Amino acid sequence: MAARRLDPAKIHAALDAQLAELGDPPFSGPAAGVGAACVAVVLRVYDLGGQPLREAARAAVRYLLEELVAVAPGRTVEVRVPPYAAVQCVEGPRHTRGTPPNVVQIEARTWLELATGRTAWGDAIADGRATASGSRADLSAYLPLG
């Protein structure tokens, strides 16, 4: 299950909408930084006790899932962050039919925190914020990203 690449213009629009919701000016940084800026703003909303705009959360989640696929290419593990996206990654035996044997399921906030290093993999698994099934579903070698 390959995620479609998220259009940078859509990330920028989602980021600007979230910034406007916070009363901040639009993003004026470089185009290459729009994904990371979106992640930072969505995490800021969570830190403030709010719920980010759906499109901003979706853009942040998908941006970081694309980063995961870049550092761990393959089709052995399916990483699901409902309702926003799912990707296959990690080199090894390819899964072709039915439920994949190696599945990671994470809610959006936890995924953002794992990918940015704010939460450790073992902690998220231990307290149930992330679930991993299968012998290859441990993403600790790839997290945090960057």
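To be clear, the structure that these remarks concern was listed above.
What counts, and where the lines are drawn
Residues numbered from 1 in each chain as written. Predicted model: local features only at pLDDT ≥ 70, side-chain atom pairs only at ≥ 80, totals over all residues. Heavy atoms only, no water. Axes fitted to C-alpha atoms, helices over the stretch in contact; angles between N-to-C directions. Helix = DSSP H or I, 4+ residues; strand = E, 2+ residues; numbered from the N terminus. Parallel < 35°, antiparallel > 145°, perpendicular 65-115°, else oblique. Left-handed = near helix turned anticlockwise from the far one by under 90°. Contact = heavy atoms within 4.5 Å. Nonpolar A, V, L, I, M, F, W, Y, C, P; charged D, E, K, R; others polar. Salt bridge = Lys/Arg side-chain N within 4 Å of Asp/Glu carboxyl O. Buried < 20%, exposed > 50% of the residue type's maximum accessible area, 1.4 Å probe, protein only. Pairing = 2+ DSSP bridges.

1. Quick notes on the packing of helix α1 (residues 8-22) against helix α3 (residues 54-71)
Here is step 1 of the chain: Running from N to C, α1 and α3 point in directions that differ by 130 degrees, and their axes come no closer than 8 Å. For the element pair α1 / α3, the angle class is oblique. Between α1 and α3 the crossing geometry is left-handed. Contacts between α1 and α3 involve Ile11, Ala14 and Gln18 from the first element and Glu55, Ala56 and Ala59 from the second.
Here is step 2 of the chain: Here the contact of α1 with α3 is built from residues that sort into four nonpolar, one polar and one charged.

2. Considering the pattern of salt bridges
Here is step 1 of the chain: Here the structure, examined in full by the defined rule, presents eight salt bridges.
Here is step 2 of the chain: Salt-bridge contacts for Asp47 lead to Arg109; the nearest nitrogen and oxygen are separated by 3.8 Å. Note that Asp47 is positioned in helix α2 (residues 34-47) and Arg109 in helix α4 (residues 108-116), a separation of 62 residues in sequence.
Here is step 3 of the chain: The exposure class of Arg109 is partly exposed, given its relative accessible area of 29%.

3. Structural notes on unusual backbone geometry
Here is step 1 of the chain: Of the consecutive residues Pro82 and Pro83, the connecting peptide bond is found in the cis state with omega at 0 degrees.
Here is step 2 of the chain: Within the secondary structure layout, Pro83 lies in the loop between β1 (77-81) and β2 (85-89).
Here is step 3 of the chain: Leu143 connects to Pro144 through a cis peptide bond whose omega is -5 degrees.
Here is step 4 of the chain: Here Pro144 is to be found in the segment after β4 (130-133).
Here is step 5 of the chain: Residues other than glycine seldom take positive phi values, yet Val90 does so here, at roughly 70 degrees.
Here is step 6 of the chain: Residue class for Val90 comes out buried when judged on its relative accessible area of 7%.

4. Quick look at the pairing of β2
Here is step 1 of the chain: In terms of residue burial, β2 counts as a mostly covered element, since five of its five residues are buried.
Here is step 2 of the chain: The alternating pattern of β2 places Ala85, Val87 and Cys89 on one face and Ala86 and Gln88 on the opposite face, and all of these are buried.
Here is step 3 of the chain: Examined bridge by bridge, β1 and β2 share five bridges and lie antiparallel to one another. Bridge pairing links Val77 to Cys89 in β2.
Here is step 4 of the chain: Linking two consecutive strands that pair antiparallel, namely β1 and β2, is a turn of three residues.

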